[in-house]
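Here is what each chain is made of, one letter per residue.
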Amino acid sequence: MMTDTGSTAAALPVREVEVLVVGGGIAGVAAAIAARRTGARSVLLLERQFLLGGLATSGLISIYLPLCDGRGKQLTYGLAEELLRLGAAEAAEALYPDAWLNPEGDPAERSRQRFQVQLNPWFYALQLEELCLASGAELLYGATVAEVGCRGDRIRSVLVQFATTERLLVRPRMVVDASGDAIVALLAGEETAVYEQQNILAAWYRYYDGTTDLLQPLGAAELPEEERRERGLPPVAPAARWTGVGAVEQSDFASAMHRWILEDFRGKGGSLTSVPQLPQLRMTRRIVGVSVPDDDPGAVWPDSIGVIANWRRPGPGYEIPFGSLHGPRVRNLLAAGRCSAATERFWDQTRVIPACALTGEAAGTAAALGDDVSELPVRRLQEQLQRAGVRLRRPQTLR
Ligand SMILES: Cc1cc2nc3c(=O)[nH]c(=O)nc-3n(C[C@H](O)[C@H](O)[C@H](O)COP(=O)(O)OP(=O)(O)OC[C@H]3O[C@@H](n4cnc5c(N)ncnc54)[C@H](O)[C@@H]3O)c2cc1C
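Rules and cut-offs
- Residues numbered from 1 in each chain as written.
- Predicted model: local features only at pLDDT ≥ 70, side-chain atom pairs only at ≥ 80, totals over all residues.
- Helix = DSSP H or I, 4+ residues; strand = E, 2+ residues; numbered from the N terminus.
- Rg over C-alpha atoms; globule rule 2.2 N^0.38 Å.
- Contact = placed C-beta atoms within 7 Å.
- Expected span 1.5 Å × (residues − 1).
- Buried ≥ 20, exposed ≤ 12 C-beta atoms within 10 Å, placed from the backbone.
- Near = placed C-beta within 6 Å.
- Nonpolar A, V, L, I, M, F, W, Y, C, P; charged D, E, K, R; others polar.
- Domains from an automatic or database assignment.
- Pairing = 2+ DSSP bridges.
- Axes fitted to C-alpha atoms, helices over the stretch in contact; angles between N-to-C directions.
- Parallel < 35°, antiparallel > 145°, perpendicular 65-115°, else oblique.
- Left-handed = near helix turned anticlockwise from the far one by under 90°.
- pLDDT = per-residue confidence, 0-100.
- Core = buried A, V, L, I, M, F, W, Y, C linked by C-beta atoms within 7 Å.

S.K.: Please set out the overall build of the chain residue by residue, giving values where relevant.
M.R.: Looking only at helices and strands, the chain has 12 helices and 18 strands in total. Its C-alpha radius of gyration of 20 Å places the chain within 12% of the 21 Å reference for a compact globule of 399 residues. With the C-alpha coordinates of the chain rotated into their principal frame, the extents come out at 60 × 50 × 45 Å. Excluding contacts between residues fewer than 6 apart, the proportion of contacts in the chain whose partners are at least 24 apart in sequence is 73%.

Okay, here's the thing in structure tokens:
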């Protein structure tokens, strides 16, 4: 942690911003847009790569999982729906959810086909940038958050290292950590936890088979260990595993990913068109905060910020509490996306794209409304989210 000294600040260009969003994945994009739409005057989004979308685009994970319960009822609304519709309108590649996008869609078909879509990652990344800039958020690419300066229980400054040799000191009123790895939380001394089960290898890539550019998704998601026990399944496979939180681990994971792609692609014919620009690590580090109990769709949260679907199977979905977006220590820090708080097992649900959009929207909205997570007027946040189209509760019939 960097101490917030005047001398450091004096040597660097300094920017004051109301809301700083770190990480331009789905969560960060949703957070930046929501903060602007809620009225924050200055919103700065920092992304260390030169493209938005994170794992969903540069990581080639372009299947936007469902907004519905698998029985014909939509559960997730707001920006999560807007971002799905945005991609479906121009960047859909497969799983086009006709029954859902067509207002006259057949209800019986809606219970057969889930409200999800497979997108072209590159087109979608450009759409995300267009939408983000249209909201009035400022975007800086090639910008890596390297240090965080705190005074007491607040973040006072964030040091940004650019891909050039330049650096910038940002003085934010509120920060949204949408880095995927809870980098800001870690640097600010917030409580964090690392994925104990650890990641197995994944290596999604794309190739042209002479007719179509195809997604080849190597490496399916494991069931969480506890769920396997409950279902009487054998323990998770004794494969090589990575926590994915260290530099060497990330690099090693990337090389293993590349080796698997080579092995799988050689002899296939056609041409290799895209390999992931990010290590395809599902879960790395998250903040510690309130969490939905493991697989408990019955839980009702007074501070709900919206509902996510169970992507693995049909069911009533889960309300997500505002308490899962912040930790106990740092008052001007929110977490969104795959680094928001969850149990080890429930993380499997909060990490997917629609859930990241939902928590991103809530975190960005909250960041625009107050400067202290422990005193944030949750009722006002909920009203604002509802005005933006978010539904906070599951449909009654599903409880
Ligand atoms: C193999 C695999 C398969 C998956 N399958 C699916 C699927 O089919 N459907 C689905 O919905 N989800 C799936 N997921 C999950 C989903 O893709 C991701 O969890 C989700 O996209 C994460 O979004 P995010 O915004 O939270 O984080 P990320 O996408 O990780 O975005 C974080 C961003 O922050 C940036 N960043 C990080 N550190 C810094 C820093 N210090 N400074 C500045 N920028 C920084 C990164 O460059 C990145 O762009 C899968 C994930 C994996 C790995």
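S.K.: Summarise helix H11 (residues 353-369); cite the residues concerned and give the values.
M.R.: Here H11 spans 24 Å end to end across 17 residues, near enough to the 24 Å set by a 1.5 Å rise per residue. Within H11, 16 of the 17 residues are buried, which leaves it mostly tucked inside the rest of the structure.

S.K.: Give me the site of the ligand: which residues, what numbers.
M.R.: The environment of the ligand is formed by 38 residues, the closest being Gly23, Gly25, Gly54, Gly180 and Gly337. Secondary-structure elements contributing two or more residues to the shell around the ligand are helix H2 (26-38), strand E3 (43-47), strand E4 (63-64), strand E8 (143-151) and H11. Taken together, the residues of the shell around the ligand break down into 20 nonpolar, 12 polar and 6 charged.

S.K.: Before we move on, could you go through the domain arrangement of the chain and cite the residues and values that matter?
M.R.: By the assigned domains, the chain splits into domain 1 (2-195 + 284-394) and domain 2 (205-274). Using only C-alpha atoms to locate each centre, domain 1 and domain 2 end up separated by 25 Å. Between domain 1 and domain 2, the contact holds 12 residues from the first and 10 residues from the second. Taken together, the residues of the side of domain 1 that touches domain 2 sort by class into 3 nonpolar, 3 polar and 6 charged.

S.K.: Give a detailed account of the pairing of strand E12 (residues 205-208), specifying residues and quantitative values.
M.R.: As paired strands, E12 and strand E13 (residues 213-216) are joined by 4 bridges and run antiparallel to one another. In the sheet register, Tyr205 faces E13, and the bridge partner there is Gln216. Between the antiparallel neighbours E12 and E13 lie 4 residues, among them Gly210 with a positive phi of about 100 degrees. The pairing of E12 with strand E14 (residues 271-274) spans 3 bridges and is classified as antiparallel. Looking across to E14, one finds that Tyr207 is bridged to Leu272.

S.K.: Could you give me a rundown of the sheet that holds E4, with the residues and numbers involved?
M.R.: Sheets are built from strands paired through backbone hydrogen bonds, the pairs being either parallel or antiparallel. Pairing in this open sheet of 3 strands is antiparallel, and the strands run E4-E6-E5 from one edge to the other. Among the strands making up the open sheet, the edge pair consists of E4 and strand E5 (92-94). Relative to strand E6 (residues 117-119), E5 runs antiparallel, the two sharing 2 bridges. Residue pairing across strands places Ala92 opposite Leu119, the latter belonging to E6.

S.K.: Please give an account of the packing of H11 against helix H12 (residues 378-387) that cites residues and values.
M.R.: Contact geometry of H11 with H12 gives a least axis separation of 10 Å together with a crossing angle of 125 degrees. In this view, H11 runs oblique relative to H12, as classed from their interaxial angle. Here H11 runs over H12; the crossing is right-handed. Together, Ala362, Thr365, Ala366 and Leu369 of H11 and Arg380, Leu381, Gln384 and Leu385 of H12 make up the contact between the two elements. Tallied by class, the residues present in the contact of H11 with H12 amount to 5 nonpolar, 2 polar and 1 charged.

S.K.: So, the sheet that holds E14: which residues are in play, and what are the values?
M.R.: In spatial order, the strands read E13-E12-E14; together these 3 strands make up an open sheet with antiparallel pairing. At either end of the open sheet lies a strand with only one pairing partner, and these are E13 and E14. Strand-to-strand twist in this sheet, taken as the mean axis angle between neighbours without regard to direction, amounts to 40 degrees.

S.K.: Could you give an account of the environment of Gly59, naming the residues involved and the relevant values?
M.R.: Among the secondary structure elements, Gly59 is positioned in the loop between E3 and E4. Separated by 221 residues in the primary sequence, Gly59 and Gln280 place their C-alpha atoms 6.3 Å from one another. If we skip the residues at most four places from it in the chain, Gly59 touches Gly54, Pro276, Leu278 and Gln280.

S.K.: Any details on the environment of Lys268? Residues and values, ideally.
M.R.: Counting through the fold element by element, Lys268 comes out in the loop between helix H9 (247-265) and E14. Given 11 C-beta atoms within 10 Å, Lys268 falls into the exposed group. Along the sequence, Lys268 and Pro66 sit 202 residues apart, while their C-alpha atoms lie 31 Å from each other.

S.K.: Please give an account of the confidence of the model for the chain that cites residues and values.
M.R.: Per-residue confidence for the chain gives a mean pLDDT of 94; residues scoring 70 or more make up 96%. Ignoring residues within four places in sequence, the model shows residues 1-9, a span with pLDDT below 50, making 19 contacts including any to other chains.

S.K.: Tell me what's going on with the nonpolar core, and back it up with residues and numbers.
M.R.: One broad trend across soluble globular proteins is that nonpolar side chains are buried collectively. Core analysis: the biggest nonpolar cluster contains 115 residues, and Ala31 and Val176 have the highest contact counts within it. With 10 residues, H11 is the single largest residue contributor to this core. For this core, the two domains that each supply at least three residues are domain 1 (2-195 + 284-394) and domain 2 (205-274). Aside from chain neighbours lying at most four places away, what touches Ala31 is Val21, Val176, Ala178, Ala336, Gly360, Ala363 and Gly364.

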